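Architecture and fold: a report
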Amino acid sequence: MKKHHYNPDDCTACTSCVIHCPVAQAVREFQGPKLAGPAGERFRLMEDDWETALEYCSNCKNCDISCPSRVPISTLTMKARAQYYKTHKQSFRDWLLSHGEQMGKMASLTPTLANLGMNNIVSKAILKNVGISDKAPLPAYASESFSKQFKKIKQQPTANKAVFYPGCFINYNQPQVGLDVVAVLQVNNFEVIVPEEAVCCGSPLVVNGYMDEAEANAHKNIAILQDYVRKGYPIITACTSCGLMLKQEYQELFASKGVEQVAGRIYDISEFLLELYDEGLLNTNFARQEGRYLYHAPCHLRVQGIGKPSLELVRMIPAIEVIDADAGCCGISGNYGFKAEKYDIAMAVGNNLFETIKASGIGSVLSECGTCRLQIAHGTGVKTEHPIAVVRSAYNQK
Ligand code: SF4
Ligand code: SF4
């Protein structure tokens, strides 16, 4: 597991991160991550001014991916943002966007009302008034959360157990992804456990400067997951931002007991299935699928350094055609593109990907990240799915 340390002096000023920062390409005022993270850090040690990095950085992590000296640039910026908010108050809008878990819990009581509330003209005007773009692709709430639906599944009991950490987006917005994960694990002889007490991974809290709350969530999740890791169970995620937090950002941000032990057992679902394949244990009894897809690798997957496991996995399905779009960041970066003043930046960042998708003439895009899927559908009008949905249908049709 990659482990970071935080000395900004590791920076050799090569500027690779600046070239690879999609926001710096889209916004003239933002001078990019070299100044934002490592160099800015030197000044921040002396003063606590607000600066462009704290305003514009989306935490997409393309700078970290490109850095030859493995400086955790975006984490330095997130820490600086949190430091700034120790003495300044966040907006109500930032509170709302950081607390998707609480919003999801409330919405799951009356999902129809909550969706009506988000999508009518009056509430869009209210959202706009607090600083959320009325053009942004806000997600709808599911009629029933993943956790509730999971409890009704009658699983085939097996000796192999795997823990699934759904995260807020799958739990409250797209539970079908979680149901597909459970079905695919069952086909591969794993009984799935979902720890009910687990909380939001903290990713939306970190980007908006609520570091103390994120840390409390990290300690709680680590304590819960550690018990399962001790039993030898793998922990599966299907959202790349949750996976990144549990695997890597907890280690970079928080000194929590057991954090490394848990991190070493976190797997993206496709990464896990590929490991099974390497051990000769994957059920490869896939039905032919004639579909053509483009694949978009989320930035928060690429920074994990595990390649593109879902691309490899889906390409095992007979007759399927999947082309790697390889066209950079979609721009949304969690909830960044929902913010009124960031909407145009997010759309400009995603433009290369949108144009690549449109030029391909392919009407379906696969991607592991829920908000990438929303942004891609918004920017192109194509259908988007989590790759595990395709894997599940290939099993179902056998
Ligand atoms: S995290 Fe993304 S937006 Fe922020 S500095 Fe790095 S590359 Fe730029
Ligand atoms: S890529 Fe790394 S070493 Fe190069 S300028 Fe950026 S932080 Fe410094």
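Per an unreviewed UniProt entry, the protein chain carries the name Anaerobic glycerol-3-phosphate dehydrogenase subunit C and comes from Sporomusa silvacetica DSM 10669.

**Topic: the packing of helix 13 (residues 175-187) against helix 23 (residues 387-396)**
To describe two helices that pack against each other, one gives the angle between their axes and the distance between the axes. Where helix 13 meets helix 23, the closest approach of the two axes is 9 Å, and the angle between their N-to-C directions is 45°. Between helix 13 and helix 23, the interaxial angle falls into the category oblique. In terms of crossing hand, the pair formed by helix 13 and helix 23 is left-handed. For the pair helix 13 and helix 23, the contacting residues are Gln 176, Val 177, Leu 179, Asp 180, Val 181, Ala 183, Val 184 and Val 187 in the first and Ile 388, Ala 389, Val 391, Arg 392 and Tyr 395 in the second. Residues that form the contact of helix 13 with helix 23 fall into these classes: 10 nonpolar, 1 polar and 2 charged.

**A closer look at the layout of surface pockets**
Size it by volume and the second largest pocket reaches roughly 420 Å³. Along its surface, the second largest pocket is lined by 22 residues, and Ser 147, Asn 171, Tyr 172, Glu 196 and Ala 198 are the ones closest to its centre. Listing elements by their share of the lining of the second largest pocket, those giving two or more residues are helix 8 (100-107), helix 11 (146-152), strand 1 (160-165) and helix 12 (167-173). Across the lining of the second largest pocket, the residue classes tally to 11 nonpolar, 5 polar and 6 charged.

**Regarding the site of ligand 1**
With respect to spatial proximity, 13 residues lie near ligand 1, and among them Cys 21, Cys 57, Cys 60, Lys 61 and Cys 63 are the closest. Looking at the shell around ligand 1, the elements that each hand over two or more residues are helix 2 (22-26) and helix 5 (62-66). The residue makeup of the shell around ligand 1, split by class, is 8 nonpolar, 4 polar and 1 charged.

**Side note on the environment of Val 349**
Assignment of secondary structure puts Val 349 in helix 21 (residues 343-360). Sequence-wise, Val 349 and Gly 370 are 21 residues apart; in three dimensions their C-alpha atoms are separated by 17 Å. In this structure Val 349 touches Pro 22, Val 23, Ala 26, Cys 329 and Gly 331, once residues within four positions along its chain are discounted.

**Details of the environment of Asp 180**
Assignment of secondary structure puts Asp 180 in helix 13. With sequence-adjacent residues up to four places away left out, Asp 180 is seen in contact with Ile 388, Ala 389 and Arg 392.

**Side note on the pattern of salt bridges**
A pair can form between side chains of opposite charge whenever their charged atoms are brought close. As enumerated under the stated definition, the model contains 19 salt bridges in all. Close ionic contact of Lys 339 with Asp 94 constitutes a salt bridge, the shortest N to O distance being 3.7 Å. Residue Lys 339 is located in the loop between strand 6 (321-324) and helix 21, and its partner Asp 94 is located in helix 7 (residues 92-98); the two are separated by 245 residues in the primary sequence. Grouping residues by exposure puts Lys 339 and Asp 94 together as buried. With a shortest N-O distance of 2.9 Å, Asp 180 and Arg 392 are connected by a salt bridge. Note that Asp 180 is positioned in helix 13 and Arg 392 in helix 23, a separation of 212 residues in sequence. A cluster of three or more residues bridged by salt bridges with shared partners is formed by Glu 55, Arg 93, Asp 94, Lys 339, Glu 341 and Lys 342.

**Describing unusual backbone geometry**
You will see that Ala 13, though not glycine, has its phi angle at about 60°, which is positive. Secondary-structure assignment places Ala 13 in the segment before helix 1 (16-20). Among the residues examined, Ala 13 registers a relative accessible area of 45% and is labelled partly exposed. Of note in this structure, Ala 319 is not a glycine but carries a positive phi near 80°.

**Quick look at the nonpolar core**
Val 23, Phe 30, Ile 235 and Tyr 250 are the most contacted members of the largest nonpolar core, which totals 44 residues. The biggest single contributor to this core is helix 15 (residues 211-230), with 8 residues. Shared between two domains, this core holds at least three residues of each, these being domain 1 (8-84) and domain 2 (292-396). Each residue touching Val 23, except ones within four places of it in the same chain, is listed here: Phe 30, Tyr 56, Ser 58, Tyr 336, Ile 345 and Val 349. Counting 40 residues, the second-largest nonpolar core is a separate cluster that includes Val 182, Ile 236, Leu 276 and Ile 320.

**Notes on the sheet that holds strand 2 (residues 190-193)**
In space, the 4 strands of this open sheet follow the order 2-1-3-4, with parallel pairing throughout. Two strands lie at the open edges of the sheet, namely strand 2 and strand 4 (266-268), each paired on one side alone. The mean inter-strand angle of the sheet, taken between neighbouring strand axes irrespective of direction, is 40°. Looking at chain direction, strand 1 and strand 2 are connected through 4 bridges and run parallel. If you follow Val 163 over to strand 2, its bridge partner there is Ile 193. Set on the sheet, helix 13 makes contact with strand 1, strand 2 and strand 3 (235-237); between it and strand 2 the angle comes to about 150°.

**Describing the domain arrangement of the protein chain**
When cut into domains, the protein chain gives domain 1 (8-84) and domain 2 (292-396). Centre-to-centre, using C-alpha coordinates, domain 1 lies 25 Å away from domain 2. With 14 residues of domain 1 at the contact, the number on the domain 2 side is 12 residues. Summing both sides of the interface, domain 1 and domain 2 together bury roughly 980 Å²; the carbon and sulfur share of this comes to 66%. By the criterion of area lost to domain 2, the three top residues of domain 1 are Ser 58, Cys 60 and Ile 65, representing 36% of everything that side buries. Along the contact surface separating domain 1 from domain 2 lie 1 salt bridge. Put simply, Glu 55 and Lys 342 hold a salt bridge, and the shortest N to O gap is 2.7 Å.

Analysis parameters
- Residues numbered from 1 in each chain as written.
- Chains lettered and ligands numbered in written order.
- Predicted model: local features only at pLDDT ≥ 70, side-chain atom pairs only at ≥ 80, totals over all residues.
- Heavy atoms only, no water.
- Axes fitted to C-alpha atoms, helices over the stretch in contact; angles between N-to-C directions.
- Helix = DSSP H or I, 4+ residues; strand = E, 2+ residues; numbered from the N terminus.
- Parallel < 35°, antiparallel > 145°, perpendicular 65-115°, else oblique.
- Left-handed = near helix turned anticlockwise from the far one by under 90°.
- Contact = heavy atoms within 4.5 Å.
- Nonpolar A, V, L, I, M, F, W, Y, C, P; charged D, E, K, R; others polar.
- 1 Å grid on protein atoms, 1.4 Å probe; cavity = no way out; pocket = protein on both sides within 12 Å on 5 of 7 lines; lining within 4 Å.
- Points joined across faces, edges and corners; volume = space filled by probe spheres on them.
- Near = heavy atom within 4 Å.
- Salt bridge = Lys/Arg side-chain N within 4 Å of Asp/Glu carboxyl O.
- Buried < 20%, exposed > 50% of the residue type's maximum accessible area, 1.4 Å probe, protein only.
- Core = buried A, V, L, I, M, F, W, Y, C linked by side-chain atoms within 4.5 Å.
- Domains from an automatic or database assignment.
- Pairing = 2+ DSSP bridges.
- Buried area = accessible area lost by both parts, 1.4 Å probe.

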